[in-house]
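# Analysis of the macromolecular model
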Amino acid sequence: MIQADSLVYEYTRYDEEGRETDVTRAVDQVSLDIKKGDFVAILGHNGSGKSTLAKHMNAILTPTGGTMWVDGKDTKEEENIWEVRQSAGMVFQNPDNQIIGTVVEEDVGFGPENMGVPTKEIWERVEESLKAVKMLKYRHHSPNKLSGGQKQRVAIAGVVAMHPQCIVLDEPTAMLDPNGRREVIRTVRALNHVEEITVILITHYMEEVIYADKVIVMDQGRIVMKGTPREIFSQVEKLKSYRLDVPQATLLAYELKKAGVKLPDGILTREELVEELCRLS
Amino acid sequence: MSIKLEHVNYIYSPETAYEIHALRDVNLEIGQGEFIGLIGHTGSGKSTLVQHLNGLVKATDGHVYFHGEDIYAHGYDMKKLRSRVGLVFQYPEHQLFEVDVLSDVCFGPKNQGLSREEAEERAKEALQMVGLSEEFYKQSPFELSGGQKRRAAIAGVLAMEPEVLILDEPTAGLDPKGRDEILDQISALHREKKITIVLVSHSMEDVAKYVGRIVVMNQGEVMYDDTPREVFRHYKELEEVGLAAPQVTYMMHALKEKGFAVDEDATTIEEARDTILKSLRGRL
Amino acid sequence: MIRDITLGQYYPADSILHKLDPRVKLVTTISFLVALFLVNSWVGYVVATIFLVSVIRLSKVPFPFMVRGLKAIFLILMITVVFNLFLTPGDRVLVHFWKLQITDKGLRTAIFMAIRLVYLIVGSSVMTLTTTPNDLTDGMERLLGPLKKLHVPVHEVAMMMSIALRFIPILLEETDKIMKAQIARGADFESGNLLQKAKSLVPLLVPLFISAFRRANDLAMAMEARCYRGGEGRTKMKPLVYARRDYLAYGTVMIFLAVIIAVRIVL
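Worth saying up front: this structure is predicted, and the values here are computed from it rather than measured. (Residues numbered from 1 in each chain as written. Chains lettered and ligands numbered in written order. Predicted model: local features only at pLDDT ≥ 70, side-chain atom pairs only at ≥ 80, totals over all residues. Heavy atoms only, no water.)

### A word on the overall build of chain B
Looking only at helices and strands, chain B features 11 helices and 10 strands. The C-alpha radius of gyration computed for chain B amounts to 21 Å, which stays within 12% of the reference 19 Å derived for 284 residues, consistent with globular compactness. Expressed along its principal axes, the backbone C-alpha trace of chain B runs to roughly 65 × 50 × 35 Å. Classification of the 284 residues of chain B by burial places 57% in the buried group. Contacts spanning at least 24 positions in sequence make up 61% of the contacts within chain B whose residues lie at least 6 apart. For chain B, the accessible surface area stands at approximately 12,000 Å², while carbon and sulfur atoms represent 45% of it. Averaging the positions of the 32 positive and the 47 negative side-chain charges in chain B gives two centres separated by 4 Å. (Helix = DSSP H or I, 4+ residues; strand = E, 2+ residues; numbered from the N terminus. Rg over C-alpha atoms; globule rule 2.2 N^0.38 Å. Buried < 20%, exposed > 50% of the residue type's maximum accessible area, 1.4 Å probe, protein only. Contact = heavy atoms within 4.5 Å. Areas by Shrake-Rupley, 256 points an atom, 1.4 Å probe, with all protein chains shown as cover. Lys, Arg positive; Asp, Glu negative; His and termini not counted. Charge placed at Lys NZ, Arg CZ, Asp CG, Glu CD.)

Set out below in structure tokens:
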């Protein structure tokens, strides 16, 4: 679905006279292959390059080196740009800054309108997308009066209405409270399960990563770890060196192991930890 | 005792269709040197509450006392109150405006009427407290990273040398390391400078790890006001109002059910580890 | 709760006026304003009054909302009346004191001017009260559509207006927040002379502009990500289509205009 081959992205800064001052490599030699229907989480601290990478999946940025393919199409080619944006929808961090409509349903219709979808079909798409994110009863509301989690669900519906094969979410929960975070993650998981949409979730909340099929950890623009959540979270020290964390249950298991308790690696949830402790005695 | 709220009520847009009763009969005492966690879901009134503590919002009715003085009394010096009760808003980096970090941090002390030299001295001290070294003084605040901006903005309030520091979700949007750094610095301010801290947070884990007392707000009322252990004992009630206890609390209760002799009131990872180790030793 | 202030003072209700196509309402409002300037006799004003009152009745908007807009222009209204009343020369002097005099013509002009201004405001309020800002921009975009041929960026302007409508409440709330944050740092926005006041706005305006730019940037990116590429090839979720009632409304307005013109010519 999404492939990258030695992708490089460099920012160039200029001084007041327009001379190049320095070049920052935000993404450095990244290669990846995300399969259709996968739920992939990309972890990394602020400034690790994960958002820059995400923006390539939607052709908002194009690589300065290497190649990115979305659904087999090279994002560098000008004529592919709209198809790429339609097949890989994007949800951003700040819910206020990505809702265009003054009424919920009009916002969800914005994408299909841009694509030139016939009016009757826009209405069908709007209805089914709002249903998919469980926001149908708010269709006539003003987005300004919704909670953060609800706004993000509207934003997700806006992308779903474009019938994408893949949704890229760039820290969609960073500005939300715990309830809002739960709502959004539940919605995203449902889309992945029920509608079989490929999901790429960028985050630094470890609890949101547990359900992913694959986890990619980024640091200084590079991919430094790759694997299932269990494989990734069994390396507590390494994650900490990348300014990251592990879920609470994993952390407690890790502390217990350090104190000599014989627990297996990669405990993710509190249920697993309780079960393993019971097995011990 | 430094701040005391008595029967405070606050109503937004009274007598209109949009009337919202944001605070209902809130009684609260904040003692000198305390480290308090203020929790509640969005819209529970916690942000409105903290704006009462430095007089930014005036209660529709009720009283607020600072060191025994009624802050609503005629002629009370509000400006002075605001320099003694520092309030760091959510996303405080959105208030940065000066050409360089040092000048921005000087804004508060200058408003207090300090000379340029005194203000700069205070600013440097504050920047050091939040871990921003000299190399940042002359940098534009807008070129800092997210975490550094946040710290510069907190320094802007610290430079006023408040006795009470209120922080509204100071770690929102930061990565795990950035979050730990800020919380450790706040904790150090409490320990070393004896500043009273009120920390508004959504993270039960953070609250459990740092604070000595928790105030839970729900629908404009104080629901619980006690130590973390006591408050999280009510984890079922907290869930009913859309909150939760730390993950550790749930694990402890689950283990207890399975017959482990653990202290189910443990709220931090360290406490949990110790009590589990103890119970395991007891079993073997 | 700045977000709750409804912009453009739209009053939701279920009336035929609310259901009318925004283009009809725009055209009607303009026709009504033109008619007001054509009227120069008592009979004409009676016709205009009948029209306005029936429209207000049809709108189902409570009367106090209609006249709310008048508060803003009260001063202008008074000045106009006073000037016309005292400064219009006429044949017959009705009242005379000190250096001022009121003539029959002056009285007549003053009353006509007052009615005209009041009807102007109330007439346009009927439109804004029964039409959402979004519908208004849509209607304007369609009405001005022919200008596209002259390379006037009609779609872009309409899009800008509707985005502005969405962001004004957000920016107002942001202003409030930044202001509070700076007050907490000892800023003083109230005292001092004009220069000091202007200077004290810097800590408010700089962050506000930065935030507005950041939002604009984010929004542009979000719009592009959702395949926005201008008005070309775009379909509409809610296209404007005339219904029977819209044609009826146009007819009524034409009759009204005809009567006004007839009255003017005949009398």
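After that view of the structure, there is still more to cover.
### Description of the domain arrangement of chain C
Residues and elements named next belong to chain C. By domain assignment, chain C separates into domain 1 (8-143 + 240-266) and domain 2 (153-225). Put simply, the middle of domain 1 and the middle of domain 2, counted by C-alpha atoms, are 35 Å apart. Between domain 1 and domain 2, the residue contacts involve 5 residues of the former and 6 residues of the latter. Buried area between domain 1 and domain 2, both sides added, is near 470 Å², and the carbon and sulfur share of it is 75%. At the junction of domain 1 with domain 2, the criterion picks out 0 salt bridges. By residue class, the composition of the side of domain 1 that touches domain 2 is 2 nonpolar, 2 polar and 1 charged. (Domains from an automatic or database assignment. Buried area = accessible area lost by both parts, 1.4 Å probe. Salt bridge = Lys/Arg side-chain N within 4 Å of Asp/Glu carboxyl O. Nonpolar A, V, L, I, M, F, W, Y, C, P; charged D, E, K, R; others polar.)

### Digging into the side chain of B:Arg122
Within the secondary structure layout, B:Arg122 lies in helix H4 (residues 116-129). A polar side-chain atom of B:Arg122 sits 3.3 Å from a polar atom in the side chain of B:Gln112. (Polar contact = N/O pair within 3.5 Å; in protein donor to acceptor, adjacent residues only side chain to side chain.)

### What to know about the interface of chain B and chain C
Counting residues at the interface gives 25 residues for chain B and 19 residues for chain C. Summing the contributions of chain B and of chain C, the shared interface buries around 2,000 Å²; its carbon and sulfur component is 64%. Sorting the residues of chain B by area buried against chain C places B:His94, B:Gln95 and B:Phe97 first, and these three jointly supply 27% of that buried surface. In this structure, the connection of chain B to chain C is made through 1 salt bridge. The partner of C:Arg185 in a salt bridge is B:Asp104, and the shortest N-O contact between them spans 2.9 Å. Sorting the residues of the side of chain B that touches chain C by element identifies helix H2 (78-84), helix H3 (101-111) and helix H5 (146-158) of chain B as the ones contributing at least two each.

### Considering the pattern of salt bridges
Evaluated as defined, the whole model comprises 51 salt bridges over all chains. B:Asp175 serves as the salt-bridge partner of A:Arg243, at 3.6 Å between the closest nitrogen and oxygen. With A:Arg243 in the loop between helix H8 (236-241) and helix H9 (248-258) and B:Asp175 in the loop between strand S7 (164-168) and helix H6 (176-192), the pair connects residues from two separate chains. Judged by its relative accessible area of 26%, A:Arg243 is partly exposed.

### Here's the deal with the packing of helix H3 (residues 104-115) of chain A against helix H5 (residues 148-160) of chain A
Residues and elements named next belong to chain A. Two elements in contact, H3 and H5, have axes separated by 7 Å at closest approach and are oriented at 35°. As for how H3 packs across H5, the hand of that crossing is right-handed. Taking contact as the criterion, the partners of Val104, Asp107 and Val108 in H3 are, on H5, Val154, Ala157 and Gly158. Of the residues in the contact of H3 with H5, the class split is 4 nonpolar, 1 polar and 1 charged. (Axes fitted to C-alpha atoms, helices over the stretch in contact; angles between N-to-C directions. Left-handed = near helix turned anticlockwise from the far one by under 90°.)

### Notes on the sheet that holds strand S4 (residues 61-66) of chain B
Residues and elements named next belong to chain B. One open sheet holds the 4 strands; their spatial order is S2-S1-S4-S5, and the pairing between them is antiparallel. Two strands bound the open sheet, and with one partner strand each, they are strand S2 (20-30) and strand S5 (69-70). With 5 bridges joining them, strand S1 (residues 3-12) and S4 adopt antiparallel strand pairing. Counterpart to Ile3 in the pairing with S4 is Phe66. (Pairing = 2+ DSSP bridges.)

### Thoughts on the interface of chain A and chain C
Taken together, the contact between chain A and chain C spans 39 residues of the former and 29 residues of the latter. At the boundary of chain A with chain C, total buried surface from both sides reaches about 3,200 Å², with 53% on carbon and sulfur atoms. Contact with chain C buries area across many residues of chain A, yet A:Trp82, A:Asn97 and A:Asn144 alone supply 22% of it, more than any other trio. Our enumeration of links across chain A and chain C arrives at 5 salt bridges. Across the pair A:Glu105 and C:Lys238 runs a salt bridge whose closest N-O atoms are separated by 2.9 Å. Linking chain A with chain C are 18 residue pairs in polar contact (both at pLDDT 80 or more), by the criterion used here. No other element matches H3(A), which puts 11 residues into the side of chain A that touches chain C. Here the side of chain A that touches chain C is composed, by residue class, of 16 nonpolar, 14 polar and 9 charged.

### Details of the packing of aromatic side chains
Two aromatic rings are characterised by how far apart their centres lie and by the angle between their planes. Residues and elements named next belong to chain C. Scanning all chains against the criterion turns up 12 aromatic pairs over all chains. Here the aromatic rings of Phe51 and Phe256 are separated by 4.1 Å at their centres, their planes lie at 15°, and the arrangement is stacked. Of this pair, Phe51 sits in helix H3 (residues 42-59) while Phe256 sits in helix H10 (residues 244-266), placing them 205 residues apart in sequence. By the burial criterion, Phe51 is buried, and Phe256 matches it. (Phe/Tyr/Trp six-rings, centres within 6.5 Å; stacked < 30°, edge-to-face > 60°.)

### Here's the deal with the pairing of strand S10 (residues 222-227) of chain A
All names here are of chain A. Alignment of strand S9 (residues 214-219) against S10, held across 5 bridges, turns out to be antiparallel. When the bridges of S10 are listed, Met218 appears paired with Ile223. Between the antiparallel neighbours S9 and S10 lie 2 residues, among them Gln220 with a positive phi of about 50°.

### Brief notes about a negative patch on the surface
All names here are of chain B. Among the surface-exposed residues, Glu117, Glu118, Glu121 and Glu125 lie close enough to one another that they form a single negatively charged patch. Inspection of the secondary structure assignment puts Glu117 in helix H4. For Glu117, a relative accessible area of 57% puts it in the exposed group. (Patch = residues over 30% accessible without salt bridge, like charges linked within 9 Å, V, L, I, M, F, W, Y side chains within 5 Å.)

### Some words on the sheet that holds S9(A)
Sheets are built from strands that pair by backbone hydrogen bonding, the pairs being arranged parallel or antiparallel. All names here are of chain A. Taken in spatial order, the 6 strands of this open sheet run S6-S7-S8-S3-S9-S10, and their pairing is mixed. With partners counted over all chains shown, the strands left at the sheet margins are strand S6 (88-91) and S10, one partner each. Each adjacent strand pair in this sheet contributes to an overall mean axis angle of 20°, direction not counted. Bridging between strand S3 (residues 39-43) and strand S8 (residues 198-203) involves 5 bridges; their strand directions are parallel. Looking at the pairing, Ala41 lines up with Leu201 of S8. Lying on the sheet, H5 is in contact with S6 and strand S7 (166-170); it crosses S6 at an angle near 165°.

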